[in-house]
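Each chain, written out:
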Amino acid sequence: GAVVSQHPSRVICKSGTSVKIECRSLDFQATTMFWYRQFPKQSLMLMATSNEGSKATYEQGVEKDKFLINHASLTLSTLTVTSAHPEDSSFYICSASNGRDRQPQHFGDGTRLSIL
Amino acid sequence: DAKTTQPNSMESNEEEPVHLPCNHSTISGTDYIHWYRQLPSQGPEYVIHGLTSNVNNRMASLAIAEDRKSSTLILHRATLRDAAVYYCILSPRGNSGGSNYKLTFGKGTLLTVNP
């Protein structure tokens, strides 16, 4: 089946650090990738939708200058959390879609980000 | 976005069937019904989806009411590995007919499977 690889799986860093998370579709071309955030005991919240070669569309309340998204190829999207602070600590999850009708989204295993 | 209502939690015994209900009374004619599940500390995993007809795959079956206002995910024989949060999500078919749709996750149903 389709595989989405997310890296790193866990990051612990100091406040003020910028952190980059990669999301790769390993065996299909992902025309669209989605980035979610999940706080403990809560559901996934969509942060942004990223289409290859164009600017990401951010959900209301998500700061685009804080969460930089790049989707430069059909197999890779990156999320950079700039100048991270403790309140940015969360579980970040990406998903990818090949754009074909009736095909599901495929999710990565998530990145646990902890800001000290 | 059309909303879904699911029980917060359900419990099952291993090797027994599990029926997970979902109400979506405001579903529109073009909304697909998707089910995903999330194991602890992992990303969601696709389970099944359908539009009008019942669907079967190797993981589960999806029974859709005739008026499409509710659906039921059926796990035929629950195993301990099926313990997860199950999400029922409605999503409109994309303009191109493709899958570039947003998924809005609710709270889902936490399924506990007893050995």
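Each remark here, short or long, concerns the structure printed above.
Below is a summary of the structure that appears in this document. Fair warning: this is a prediction, and the values are worked out from it, not measured in the lab. (Residues numbered from 1 in each chain as written. Chains lettered and ligands numbered in written order. Predicted model: local features only at pLDDT ≥ 70, side-chain atom pairs only at ≥ 80, totals over all residues. Heavy atoms only, no water.)

### Points about the sheet that holds strand E9 (residues 109-114) of chain B
Residues and elements named next belong to chain B.
Okay, so step 1: The five strands lie next to each other as E1-E9-E8-E3-E4, forming an open sheet whose pairing is mixed. Across the chains shown, the open sheet's two edge strands, defined by having one partner strand only, are strand E1 (9-13) and strand E4 (45-50). Strand-to-strand, the axes of this sheet are offset by a mean angle of 25°, without reference to chain direction. (Pairing = 2+ DSSP bridges. Helix = DSSP H or I, 4+ residues; strand = E, 2+ residues; numbered from the N terminus. Axes fitted to C-alpha atoms, helices over the stretch in contact; angles between N-to-C directions.)

### A look at the packing of aromatic side chains
Okay, so step 1: Per the counting criterion, the structure on display carries eight aromatic pairs over all chains.
Okay, so step 2: Taking 5.6 Å as the distance between ring centres and 40° as the angle between the ring planes, the aromatic pair formed by A:Tyr36 and A:Phe107 counts as tilted. Linking A:Tyr36 in strand E4 (residues 32-38) with A:Phe107 in strand E10 (residues 106-107), this pair joins segments that are 71 residues apart in sequence. A:Phe107 matches A:Tyr36 in its accessibility class, with the two residues each being buried.
Okay, so step 3: Taken together, the aromatic side chains of A:Tyr36, A:Phe107, B:Tyr36, B:Tyr46, B:Tyr87 and B:Phe105 make up a single cluster linked through ring pairs. (Phe/Tyr/Trp six-rings, centres within 6.5 Å; stacked < 30°, edge-to-face > 60°. Buried < 20%, exposed > 50% of the residue type's maximum accessible area, 1.4 Å probe, protein only.)

### What about the sheet that holds strand E3 (residues 19-25) of chain A?
Residues and elements named next belong to chain A.
Okay, so step 1: The strand order across the open sheet built from four strands is E1-E3-E8-E7, with neighbouring strands paired in antiparallel fashion. In this open sheet, the two strands that pair with only one neighbour each are strand E1 (4-7) and strand E7 (67-73). Each adjacent strand pair in this sheet contributes to an overall mean axis angle of 15°, direction not counted.
Okay, so step 2: Bridge count between E7 and strand E8 (residues 76-81): five bridges; the pairing is antiparallel. Bridge pairing in E8 places Asn70 opposite Thr78.

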